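Remarks on the overall topology
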Amino acid sequence: MKNKGILIIIMALSLLTTLSSCSVYYFGFPPNTENVSPEVLDYVKAHFYYCGQITRWNDGFIDVYDETNYKRMPEILKIWNEAIGGSTIFRLSQNPNSPIHIFNQNGVFYESEEVCALTIDQNCINGWHRDTIVIINSNPNLFYNKFNIYLHEFGHVIGFDNHTIGDDDIMGYTATTCVIPEIMVAAVRYVYGAKTDFSMEFKTANHSNSEVMAASGTP
């Protein structure tokens, strides 16, 4: 009985170690990689890692409080919800205590450089987002494409940590285009556990890209 007890303890410790190592990498929700290409996996590792961890929101509805009252915010949420594929759904809320809070601030700086907007994860536990703020720069002397900036910043909200190289898609540093390429959608669906379908038609946001105005202008 003593030896059996020791064996059980060893097995339990082994299981705990295995679960811990898995949770560090996948946090208990390893997506199905059966039909995922190495290119998509490399893309995820390059852009969806925060301090060596894949980060995402829980399944289900996630409330978004938009204090800026941007009229195209429902469109922004619809685009990213479609990219995710149904496991997590972001929706607008009137609750100021929502886990995602978007607000204006006159002057937004990152590493001493004034930027159009900034997304900050204030509480990320074991890879799960809990509390995120998006600060939109309302400096009237700053001009930018408002739709692109909101779409770009919400890409950071869903877990896009690193910018892509160049300006060919919405997650490039300058956000000069609203294109969401197929590999980006495949990576998002991998992270959020949706079945990856490489015949998907959702290849680009395909929305107006002409909304350039002063930050304080009418949305």
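Before reading on, note that the structure itself is shown above.
Here's a quick rundown of the structure.

Some points on the environment of Asn97
In this fold, Asn97 is placed in the loop between β4 (88–92) and β5 (100–105). Since its relative accessible area comes to 69%, Asn97 is described here as exposed. In this structure the C-alpha to C-alpha distance between Asn97 and Tyr65, which are 32 residues apart in sequence, comes to 7.7 Å.

Let's talk about helix α2 (residues 38–47)
All of the buried residues along α2 are Val40, Tyr43, Val44 and His47. For α2, the arc enclosing every buried residue in end-on projection is 100 degrees, short of the 170-degree limit, so these residues lie on one face.

Some thoughts on the packing of helix α3 (residues 73–84) against helix α5 (residues 182–191)
Direction vectors running N to C along α3 and α5 enclose 70 degrees, while the axes themselves pass 7 Å from each other. The orientation of α3 relative to α5 falls into the category roughly perpendicular. Contacts from Trp80, Glu82, Ala83 and Ile84 in α3 reach Met184, Val185, Val188 and Arg189 in α5.

A word on the pairing of strand β9 (residues 128–137)
By the criterion of burial, β9 is predominantly enclosed, with 8 of the 10 residues buried. Bridge count between β5 and β9: 6 bridges; the pairing is parallel. Note that in β9 the partner of Phe103 across the bridge is Ile135.

A look at the environment of Tyr70
Note on placement: Tyr70 falls in the loop between β3 (60–66) and α3. On the basis of relative accessible area, Tyr70 is assigned to the buried category, the value being 3%. Taking the C-alpha atoms as reference, Tyr70 lies 9.2 Å from Lys146; in sequence the two are 76 residues apart.

Rules and cut-offs
Per chain, the residues get numbers from 1 upward, laid out in the order the sequence is written. In view of the model being predicted, local features appear only for residues whose pLDDT reaches at least 70, and side-chain atom pairs are presented and counted only at 80 or more, with totals across whole chains, interfaces and linings using the full set of residues. Side-chain numbers come from the whole structure's heavy atoms, not from hydrogens or water. Helix numbering and strand numbering both begin at the N terminus, where a helix is a DSSP run of H or I of at least 4 residues and a strand a DSSP run of E of at least 2. For every residue, the accessible area (1.4 Å probe, protein chains only) is compared with the maximum for its type, and the residue is labelled buried under 20%, exposed over 50%, or partly exposed between those bounds. Arc definition: directions from the helix axis to the C-beta atoms. To get an axis, fit a line to the C-alpha atoms, keeping to the stretch in contact for a helix; angles then go from 0 to 180 degrees between the N-to-C directions. Note on terminology: angles under 35 degrees are roughly parallel, angles over 145 are roughly antiparallel, angles of 65 to 115 are roughly perpendicular, and the others are oblique. Every residue pair with non-hydrogen atoms within 4.5 Å of one another is taken to be in contact. Note on pairing: DSSP must find at least two bridges between two strands before they are called paired.

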